[in-house]
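Listed here are the chains, written in short residue letters.
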Amino acid sequence: MTTRYDAIVIGAGHNGLTNAAYLAKGGLDVLVVEKNDYIGGAAVSRELHEGWIYSNCSYVCSLLRQSIHRDLDLTRHGLMIVPYAGTTNFSRNGDYIAEYTDQAMRYREVRRHSLRDADAMVRYETDLMRYAKLIRHFLLRTPADPTSFKPRDLAELVFMGKKFAGMGAEQVYEFIRFMTMSAGDFLDEYFENELVKALFSTSSIIGTALGVYSPGTAYVLLHHVMGDVDGAVGAWGLARGGMGAISNAIAGALREHGGEIRTGAPVQQIIVRNGRAVGVALDNGEEIRADIVVSNLDPKRTFTVIMDRNDIPADLRKKAEHFKIRGSSGKVNIALTGAPDFPSLPAGHPLRHGSFQFLDTMERMERAYDDWKHGRWSEDPFIEMTQSSMWDPTLAAPGHYFVSCFIQYCPAAVQGGWTPAKRDAFGKTVIDQICNYSPNFRDLIAHMEVRTPYEIEHEIGLTEGNIFQGELTIDQLMFNRPFPGYSQYRGPVKGMYLCGSGTHPGGGVSSACGANSAREILRDLRRPNVVPEDDVDE
Amino acid sequence: MSPMVRLRASRDIAHIHRGIMPTPFHSRSSRLNLNQQWSQWNGFASAVYYADPQLEYFATRNTCGVFDTSPMRKYRFAGSDAAAMLDRMVTRDVMAQPVDTVAYNVWCTDTGKVVDDGTLFRLGAEEFMLCCADPGYDWFCLAAVGFDAVAITDISEDLAALALQGPTSCALLKALGFAGIDQCKPFQVMRFPFGSGRLLVSRTGYTGDLGYELWVQPQDAELLWDELFTRGGVYGIQPMGDESLEMARVEAGFLAPDVDFHGSLHTVERGHDHSPLELGLGWILNFRKQHFSGRAALIAQKESGNYRRLLKLDIEGNKPAQHSILYADRKCATEIGYITSALWSPVVKANIAYGLVEAKYFGGQIWAEIYHQKELRWQRKVARCTRVTKPFWAPERAKLTPPPDC
Ligand SMILES: Cc1cc2nc3c(=O)[nH]c(=O)nc-3n(C[C@H](O)[C@H](O)[C@H](O)COP(=O)(O)OP(=O)(O)OC[C@H]3O[C@@H](n4cnc5c(N)ncnc54)[C@H](O)[C@@H]3O)c2cc1C
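Just so we're clear, the structure is a prediction, and the values are computed from it rather than from any experiment.

Conventions used here
- Residues numbered from 1 in each chain as written.
- Chains lettered and ligands numbered in written order.
- Predicted model: local features only at pLDDT ≥ 70, side-chain atom pairs only at ≥ 80, totals over all residues.
- Heavy atoms only, no water.
- Domains from an automatic or database assignment.
- Contact = heavy atoms within 4.5 Å.
- Buried area = accessible area lost by both parts, 1.4 Å probe.
- Salt bridge = Lys/Arg side-chain N within 4 Å of Asp/Glu carboxyl O.
- Polar contact = N/O pair within 3.5 Å; in protein donor to acceptor, adjacent residues only side chain to side chain.
- Helix = DSSP H or I, 4+ residues; strand = E, 2+ residues; numbered from the N terminus.
- Buried < 20%, exposed > 50% of the residue type's maximum accessible area, 1.4 Å probe, protein only.
- Lys, Arg positive; Asp, Glu negative; His and termini not counted.
- Pairing = 2+ DSSP bridges.
- Axes fitted to C-alpha atoms, helices over the stretch in contact; angles between N-to-C directions.
- Parallel < 35°, antiparallel > 145°, perpendicular 65-115°, else oblique.
- Nonpolar A, V, L, I, M, F, W, Y, C, P; charged D, E, K, R; others polar.
- pLDDT = per-residue confidence, 0-100.
- Phe/Tyr/Trp six-rings, centres within 6.5 Å; stacked < 30°, edge-to-face > 60°.
- Lys NZ or Arg CZ within 6 Å of the ring centre and 35° of its normal.

Undergrad: Sorry, what's going on with the domain arrangement of chain A here?
TA: For interface size, the figure often reported is the accessible area lost on association. All names here are of chain A. Here chain A is described as being made up of domain 1 (2-45 + 64-79 + 241-322 + 469-524) and domain 2 (95-232). Look at where the C-alpha atoms of domain 1 and domain 2 centre, and you get two points 29 Å apart. Domain 1 puts 25 residues into the contact, and the matching count from domain 2 is 22 residues. In this assembly, domain 1 packs against domain 2 so that about 2,100 Å² is buried in total across both faces, 58% of it on carbon and sulfur atoms. When the buried area of domain 1 at its contact with domain 2 is split by residue, Arg65, Leu472 and Gln488 rank highest and sum to 26% of it. Taken together, the connections running from domain 1 to domain 2 amount to one salt bridge. A salt bridge links Glu520 to Arg152; its shortest N-O distance comes to 2.5 Å. For the pair domain 1 and domain 2, the number of links is 10 residue pairs in polar contact (both at pLDDT 80 or more). Elements represented by at least two residues in the side of domain 1 that touches domain 2 include exactly helix 2 (66-71) and helix 16 (512-524).

Below, the structure is given as structure tokens:
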């Protein structure tokens, strides 16, 4: 038996759902097929232990395009993004450095550690903001193909050139330097204090198989400040109900526009006939037909697993095999039965509601990366511990807490392969690290979910467990994402498209990849565009 | 290897408990701040007004007003390279500045954009104090690159300061026994023994009137306040807050950072910062100096003549042109700039403002689109603006030495 749709989207990650919602809004009959029994991919909320809701993968939100939130009416579909703030970075000498949201407190806190760095923060934040504002123009736009002479590409190049040149000559030079720099070198140009640098460095290696002193990590830092919450650029928020609330709201919009979702339906292959995608074959042998097939999977998985090598150019297959998608992150989700003690921060201190990190020098981060290079998880891991439930009453009962720990570094493969025992040993390393700063933490654990890149890959299909569906290095960004010649969301055969984080503008819960891809599809179908422009910085 | 962590108890850590701190005068000023109206300036509580902003404003023009300037940032530059280093950083001639004088200065980026403005005190051959509104230590360290024999210290918290401004200010200081203060010339510095140490007095201020700034160690701050207010009653002394100072400084023709100009170091968008020429500060650019940061760019800009102008404007009617956009025509067809500061001046009886106007238009007609409310209902009017070249308020007494007693 075969069924027919206008379009099939493979994968119900938030980008797949966004893509499908816009195709449905554009008038197509759309089906989303998802291998798991639940939707959301890496933007998901699940109750793995009764009474606690985990954001199993992603845990904070800043990149989600506000214009999409508004356009798909996600608030009515149950989404609320609450600003979340206040990172505290504990140091081994028992002190800490914190990022207060209040300007004056923030200044005085940094000044407590370094007068010069407190004053230098203005310069640092201004320069970073300048780059963020530049990049933000391109998030909800398809990258121009710089080799094409099509009027549309030329117009896009002119747009890009104008924004770029608009910064002024000396800033253009600075920006080009910045894009190729390491976060460590970049921070060294502003700050002298190790603790200050450590605090600002952490977002430069999130999800990245590079160290703070590897070229290219300055951009990753920018990738983490280019989002916003209600126009506050660089701010992060929590989705009430966990990150799954984002996927669920988009799914609500999709259904409202008449789209369908089938879970528990893994796709085995994209069916290609005469150089055209004509549908998908599920693992169970069922075939579903459509003229448009969109893959929400990462580019490597798309082109090496669910497409036959005879259906795509050899060169593309080679590019896909060499796509840099190394896993480097782990995740430990924890259910606590009480608030842990952190002796250096008194109970009731406002920072107790924020996120915690345990890094006092960039050198420690570099050492943690060294372990990864040798195929081991970091013995002294970097942890971002987010206490979401302190802000979100829907995640756990009063007095109970959900704590999300994001960890660098954890390799996709360890010697002899990952086993449950090794996974648990990784989990123990993480808990040991937290207990260095919070002696009673362990006693409060009711349940925990330990995820190495192995679990992340096997559950969500992110190759090697890379959280961004491909590394955010300059060779894999903008018109090079995922590969040169394929940055405009079109695949190698007619009717086949990409819409996941492996495409521009890259990883993170942004909905931008899915939306941009839908815009291109509707364009190819000569249908009116229903995908909004970005409303950044009007 | 797992890291060695030595836990510390919370009480052993210098937590930042709040963002707003008392100045050394707070025990006194908070008593007079009847409605506890405070703003936050560099992390310190600064009175918005004490009892009546109108009265406080008139004190600077009629008797004398006291403003707590302690939140100002103060930096000490000392050493044999101090003068040369500052000479490269600021736009005026520091080498020629006599000891015990003060000079208003700006400092710029290499592209000639204003980083900040402030007053430079030469307190000795090799010792200076620079006062400015915003923290600048990082920039000063950058500006000192290549100069080894200069030590830069943030002394902001080591000095408390009051501005005493108005026609009776000299008389009051004389009454307090500061002998010879009447001989202090504008921009001159004098020292007097006071409390546990000494009082530094400079004949400077932000009101354009006769006035002084008084600098003491924090432990003598309350004593200074008490003496001024005990003796000052008969001289009509009033504490003054931000609101009245703001009126006085616009009348006097002074600029406020982050109001009339946007410091270059925190400017994200190109063209949203300013050159000193645009701000009407050409008079403090000393191009005879062989070098200062921004010199080449500023010479080129000056020669081109092609730069915006911050103009003093006298605007018809009596509705302050706050937040107004400026046009070249009454129909508001051609937008040419915007207002940065605006108020009704009670002493001059004029509707005054500063407006930043595009290079092409500063010589022509200027119209302000003003919105104002009548019993909640918004009204719009378009008012003609006239350029003014002199400060709106510049009484003779401010320049006289000795000054009159009232
Ligand atoms: C541990 C972790 C933490 C993160 N933290 C953050 C964060 O805090 N903030 C942030 O903004 N971003 C974060 N990210 C990144 C962000 O979550 C992802 O970039 C984003 O969610 C990816 O969305 P996507 O829709 O492009 O792809 P995915 O979420 O990867 O969706 C792909 C979907 O395809 C499905 N699928 C795979 N194979 C098949 C198949 N054969 N047939 C059918 N379906 C299939 C998968 O099950 C999945 O649902 C994190 C990611 C991870 C893994």
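Right, picking up where we left off after that structure.
Undergrad: I keep staring at the side chain of A:Asp119 and nothing clicks. Help me out?
TA: Residue and element names in this part refer to chain A. Secondary-structure assignment places Asp119 in helix 4 (residues 115-136). Notably, Asp119 is buried but unbridged: the nearest opposite-charge side chain belongs to Arg111, and the N-O separation is 5.0 Å. A polar side-chain atom of Asp119 sits 2.6 Å from a polar atom in the side chain of Tyr107.

Undergrad: Is there a simple way to explain the domain arrangement of chain B in this structure?
TA: Residues and elements named next belong to chain B. Partitioning chain B into domains gives domain 1 (10-70 + 158-252), domain 2 (73-153) and domain 3 (308-388). Summed over both sides, the interface of domain 1 with domain 2 buries roughly 1,100 Å², with 57% coming from carbon and sulfur. Joining domain 1 to domain 2, the criterion identifies one salt bridge. For the salt bridge of Asp100 with Arg191, the shortest nitrogen-to-oxygen distance reads 2.9 Å.

Undergrad: Is there a simple way to explain helix 7 (residues 242-252) of chain B in this structure?
TA: An α-helix turns once every 3.6 residues. As a result, residues three or four positions apart point the same way. All names here are of chain B. Most of helix 7 sits out of view: eight of its 11 residues are buried. On its buried side, helix 7 packs onto helix 2 (53-62), strand 3 (64-68), strand 16 (335-345) and strand 17 (350-357). Following helix 7 by one or two positions, Gly253 adopts a phi angle in the positive range, close to 85°.

Undergrad: Before we go on, may I ask you to explain the pairing of strand 15 (residues 329-336) of chain A in this structure?
TA: Across a regular strand the side chains alternate sides, sitting on one face of the sheet and then on the other. All names here are of chain A. Taken across its eight residues, strand 15 has eight buried, putting it largely inside the fold. Neither face of strand 15 is left uncovered, since the one carrying Ser329, Lys331, Asn333 and Ala335 and the one carrying Gly330, Val332, Ile334 and Leu336 both have all their residues buried. One ladder, built from six bridges, connects strand 15 with strand 19 (residues 445-451); its direction is antiparallel. Along strand 19, the bridge assignment pairs Ala335 with His447.

Undergrad: Explain the environment of B:Gly280 to me, please; I cannot follow it from the model alone.
TA: All names here are of chain B. Examined against the element boundaries, Gly280 turns out to sit in the loop between helix 7 and helix 8 (295-304). Taking relative accessible area as the criterion, Gly280 reaches 42% and is therefore assigned partly exposed. Sequence spacing of Gly280 and Leu311 is 31 residues, and the spatial spacing of their C-alpha atoms is 7.8 Å.

Undergrad: Sorry if this is basic, but what is going on with the packing of helix 4 of chain A against helix 6 (residues 169-180) of chain A here?
TA: Between two packed helices, the angle of one axis relative to the other and the distance separating the axes together describe the packing. All names here are of chain A. Here helix 4 crosses helix 6 at 85°, and the two axes come no closer than 11 Å. Between helix 4 and helix 6, the angle is such that the two are roughly perpendicular. Here Leu128, Arg130, Tyr131, Leu134 and Ile135 of helix 4 lie close against helix 6, whose contacting residues are Gln171, Glu174, Phe175 and Phe178. Within the contact of helix 4 with helix 6, the residues separate by chemical class into six nonpolar, one polar and two charged.

Undergrad: Is there a simple way to think about the confidence of the model for chain B in this case?
TA: Low pLDDT means the predicted atomic positions in that stretch should not be read closely. Summarising the model, chain B shows a mean pLDDT of 97, and 100% of its residues fall at 70 or more. For this predicted complex, the interface confidence comes out at an ipTM of 0.94, alongside a pTM of 0.95.

Undergrad: What's the story with the pairing of strand 14 (residues 287-295) of chain A in this structure? I'm lost.
TA: Residues and elements named next belong to chain A. In the sheet, strand 13 (residues 276-282) pairs with strand 14 via three bridges, with the strands oriented antiparallel. If you follow Ala281 over to strand 14, its bridge partner there is Glu287. Between strand 13 and the antiparallel strand that follows it, strand 14, lie four residues; Gly285 among them carries a positive phi value of about 95°.

Undergrad: Explain the packing of aromatic side chains here, please?
TA: The description of two aromatic rings rests on the distance between their centres and on the angle between their planes. Enumeration over the complete set of coordinates arrives at 45 aromatic pairs over all chains. Ring centres of A:Phe164 and A:Phe175 lie 5.6 Å apart, and the angle between their planes is 75°; on these two criteria the pair is classed as edge-to-face. Of the two residues, A:Phe164 is situated in helix 5 (residues 151-165) and A:Phe175 in helix 6; the sequence distance between them amounts to 11 residues. Taking the centre distance of 6.0 Å and the plane angle of 25° together, the rings of B:Phe287 and B:Phe292 count as stacked. Directly above the ring of A:Tyr96 sits A:Arg112, whose terminal nitrogen or CZ lies 5.0 Å from the centroid.

Undergrad: How should I be thinking about the sheet that holds strand 19 of chain A in this particular structure?
TA: Adjacent strands of a sheet form backbone hydrogen bonds with each other and so pair up, either parallel or antiparallel. All names here are of chain A. Here seven strands make up an open sheet; going across it, the order is 7-6-16-17-18-15-19 and the pairing mixed. Two strands in the sheet have a free side with no partner beyond their single neighbour: strand 7 (96-99) and strand 19. Sheet twist, expressed as the average angle between the axes of neighbouring strands with direction ignored, equals 20°. Pairing analysis gives three bridges linking strand 6 (residues 87-90) to strand 16 (residues 355-357), with the strands arranged parallel. Bridging from a neighbouring strand, Asn89 pairs with Gln357 of strand 16. In this fold helix 8 (residues 194-201) packs onto strand 6, strand 7 and strand 16, with an angle of close to 45° to the strand it touches most, strand 7. Running over the sheet, helix 15 (residues 453-460) touches strand 15 and strand 19 and is turned about 80° from strand 19.

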